Amino acid sequence: MASLSLKHIYKKYPGGVVAVSDFCLDIKDKEFIVFVGPSGCGKSTTLRMIAGLEEITEGELFIGDKLVNDVAPKDRDIAMVFQNYALYPHMTVFDNMAFGLKLRKVPKEEIKRKVEEAARILNISDLLDRRPKAISGGQKQRVALGRAIVRDPKVFLLDEPLSNLDAKLRASMRTELTKIHKRLGTTFIYVTHDQVEAMTMATRIVVMKKGFIQQIDTPQNLYDKPCNLFVAGFIGTPQMNFIPCMLTKKGDDAFIEFEGCSVKLPQDKANAPELKDYFGKEVIAGIRPECIHDEPIYLSQFTESQLDTYVDLTELMGSEIYLYLKVGEQNLIAKVSPRSQARAGDTIKVAFDAARIHLFDKDSEKCIIH
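Residues numbered from 1 in each chain as written. Predicted model: local features only at pLDDT ≥ 70, side-chain atom pairs only at ≥ 80, totals over all residues. Heavy atoms only, no water.

Draft legend 1. Representation of the pattern of salt bridges. Enumeration according to the criterion identifies 16 salt bridges in this entry. Among the salt bridges present, the one from Glu31 reaches Arg204, with a minimum N-O distance of 2.8 Å. Taken together, the positions of Glu31 in the loop between strand 2 (17-27) and strand 3 (32-36) and Arg204 in strand 9 (residues 204-209) put the pair 173 residues apart, joining distant regions of the chain. For the pair shown, Glu31 and Arg204 are each scored as buried. For Asp308, the salt bridge is made with Lys349, and the minimal N-O distance between the two is 3.1 Å. Pair noted here: Asp308 is in strand 16 (residues 306-316) and Lys349 is in strand 19 (residues 347-352), with a separation of 41 residues, a long-range link. Linked through salt bridges whose partners overlap, the residues forming this network are Lys11, Arg48 and Glu54. (Salt bridge = Lys/Arg side-chain N within 4 Å of Asp/Glu carboxyl O. Helix = DSSP H or I, 4+ residues; strand = E, 2+ residues; numbered from the N terminus. Buried < 20%, exposed > 50% of the residue type's maximum accessible area, 1.4 Å probe, protein only.)

Draft legend 2. Seen up close, the packing of helix 4 (residues 137-149) against helix 5 (residues 167-184). Direction vectors running N to C along helix 4 and helix 5 enclose 15°, while the axes themselves pass 11 Å from each other. The orientation of helix 4 with respect to helix 5, classified from their angle, is roughly parallel. Regarding helix 4 and helix 5, the two cross each other, and that crossing is right-handed. Facing Gly138, Gln141, Arg142, Leu145 and Ile149 of helix 4, the residues of helix 5 in contact are Leu169, Met173, Glu176, Leu177, Ile180 and Leu184. Its residues placed into classes, the contact of helix 4 with helix 5 shows seven nonpolar, two polar and two charged. (Axes fitted to C-alpha atoms, helices over the stretch in contact; angles between N-to-C directions. Parallel < 35°, antiparallel > 145°, perpendicular 65-115°, else oblique. Left-handed = near helix turned anticlockwise from the far one by under 90°. Contact = heavy atoms within 4.5 Å. Nonpolar A, V, L, I, M, F, W, Y, C, P; charged D, E, K, R; others polar.)

Draft legend 3. Representation of the sheet that holds strand 2. The antiparallel open sheet is built from four strands, whose spatial order is 2-1-4-5. Every interior strand has two partners, whereas the edge strands, strand 2 and strand 5 (66-67), have only one. Across seven bridges, the pairing between strand 1 (residues 4-13) and strand 2 is antiparallel. Paired with Lys11 across the strands is Val20, a residue of strand 2. Across the face of the sheet, helix 1 (residues 43-51) comes into contact with strand 1, strand 2 and strand 4 (58-63) while running at roughly 115° to strand 1. (Pairing = 2+ DSSP bridges.)

Draft legend 4. View of the environment of Gln330. Counting through the fold element by element, Gln330 comes out in strand 18 (residues 330-336). Along the chain, Gln330 and Ile243 lie 87 residues apart, while their C-alpha atoms are 7.2 Å from each other. Ignoring any residue separated from it by four or fewer positions in sequence, one finds Gln330 in contact with Phe242, Ile243, Pro244, Phe258, Glu259 and Leu325. Within the structure, Gln330 has its side chain in polar contact with the backbone oxygen of Phe242 (distance 3.1 Å). (Polar contact = N/O pair within 3.5 Å; in protein donor to acceptor, adjacent residues only side chain to side chain.)

Draft legend 5. Looking closely at helix 4. For helix 4, spanning 13 residues, the distance from its first C-alpha to its last is 18 Å, which sits close to the expected 18 Å at 1.5 Å a residue. If you check which residues of helix 4 are buried, you get Gly138, Gln141, Arg142, Val143, Ala144, Leu145, Gly146, Arg147, Ala148 and Ile149. Tucked inside the fold, the buried residues of helix 4 contact strand 6 (78-81), helix 2 (93-103), helix 3 (108-122), strand 7 (155-159) and helix 5. (Expected span 1.5 Å × (residues − 1).)

Draft legend 6. Structural view of the packing of aromatic side chains. What the rule picks out here adds up to nine aromatic pairs. A centroid spacing of 6.5 Å and a plane angle of 10° characterise the contact between Phe258 and Phe352, whose relative ring orientation is stacked. Of this pair, Phe258 sits in strand 12 (residues 253-258) while Phe352 sits in strand 19, placing them 94 residues apart in sequence. Across the pair, Phe352 and Phe258 agree in class, each one buried. These aromatic residues form a ring-pair network of at least three members: Phe32, Phe156, Phe188 and Tyr190. Taking the ring centre of Tyr10 as reference, the NZ or CZ of Lys12 above it sits at 5.2 Å. (Phe/Tyr/Trp six-rings, centres within 6.5 Å; stacked < 30°, edge-to-face > 60°. Lys NZ or Arg CZ within 6 Å of the ring centre and 35° of its normal.)

Draft legend 7. The arrangement of the pairing of strand 13 (residues 261-264) in detail. Where strand 12 meets strand 13, four bridges bridge the pair, whose relative direction is antiparallel. Each bridged residue has a counterpart across the sheet, and for Phe255 the counterpart in strand 13 is Lys264.

Draft legend 8. Inspection of the packing of helix 2 against helix 4 at higher detail. Where helix 2 contacts helix 4, the two axes come as close as 7 Å, and the packing angle between them is 30°. When you trace helix 2 past helix 4, the crossing you get is right-handed. Contact residues: helix 2 offers Val93, Asn96 and Met97, while helix 4 offers Val143, Gly146 and Arg147. Split into classes, the residues belonging to the contact of helix 2 with helix 4 amount to three nonpolar, two polar and one charged.

Draft legend 9. Focus on the nonpolar core. Within the largest apolar cluster, 48 residues are counted, with the highest numbers of intra-cluster contacts made by Met97, Leu145, Leu158, Leu177 and Tyr190. Broken down by element, the residue count for this core peaks at six residues, all from helix 3. If you look at the next biggest cluster of nonpolar residues, it comprises 35 residues, including Leu265, Leu307, Ile348 and Leu359. (Core = buried A, V, L, I, M, F, W, Y, C linked by side-chain atoms within 4.5 Å.)

Draft legend 10. Here's a closer look at the pairing of strand 3. In terms of burial, strand 3 is a largely internal element, five of the five residues being buried. With five bridges connecting them, strand 3 and strand 8 (residues 187-192) associate as parallel partners. Across the sheet, Val36 pairs through a bridge with Thr192, a residue of strand 8. Relative to strand 9, strand 3 is paired through four bridges, and the arrangement is parallel. In the strand pairing of strand 9, Phe35 is matched with Val206.

Draft legend 11. Inspection of the side chain of Asn241 at higher detail. Among the secondary structure elements, Asn241 is positioned in strand 11 (residues 241-250). By relative accessible area, Asn241 is classed as buried at 5%. Within the structure, the side chain of Asn241 is placed 2.7 Å from the backbone nitrogen of Ile333, a separation counted as a polar contact. Apart from residues no more than four positions distant in its own chain, Asn241 is found in contact with Ala285, Gly286, Ile287, Arg288, Pro289, Ile292, Asn331, Leu332 and Ile333.

Read these as spatial facts, not as claims about activity.
Shown next, in the form of structure tokens:
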């Protein structure tokens, strides 16, 4: 098994294009690390540098305690699973999975044992005699995984492996991948633009934007304690509401004020030393949709953080309803109980759970307080 260390990694292309900047990350043995971010943020480029498919312009990459910057991909003891499966159409599933082992001149009996073991783990034992055109997308993805598993690599690299599957299959394959990771006890590095995949599978997530790491943390910490506006908006569905507002203080009490509304902050936030330089200034308040409530029990509980809103649109999601609200010119999304009686065109009272409000610096976009 293997740990990895990326020390000040850069990827620069001719013409001054910098795809990855000062990437530093230590990955522990057996971790499931997910690189997440929008298209073009450098996550796949970073994965390809780890694989040896892209040259590292600056910095050092260690697998275990070995510097591998100049080591050929085949000698890095890693296996990569691609988005498009990359199966040979003229070969059976068995031969596709066995191909890399045959190139290494592994004995036939050992190849048979490894392929059958991987097929059993992936639940594709009955497909070994078929060709890729005779199996589904989800099965092709399992074959691609199987081809990696038989090599028994120190590190698995997975580049958006589920993006070609339909939504239901993606959800079930997420679960399967998590089980496979636990069963194999190997280091997984996984690239996706889908934050749901990142949140459900990762032990730690690396959030990237324009080639830079924004934050590295556990899924729960990223959700609860985003370091800036970008991370706060990228993680979570629907995304966090952002409200430009004025931070004011009256006696010992602190308020955020916007569109004629005033929401009182809890005392621990009001007295936080991080806020003292921001009173009387504009900040950006962030609140997640599930922290905006319309039920009477919450309205009676959060009496000092209520506001009147106009319901623009409602979306019934089955287990919840999304309310698209307007407060003056400010748009909000609330995620409320399916029992909600709110309908488009209504004017309703909602209450913020003020303890869950995040405040961000308007200029730097960094989080001031959670």
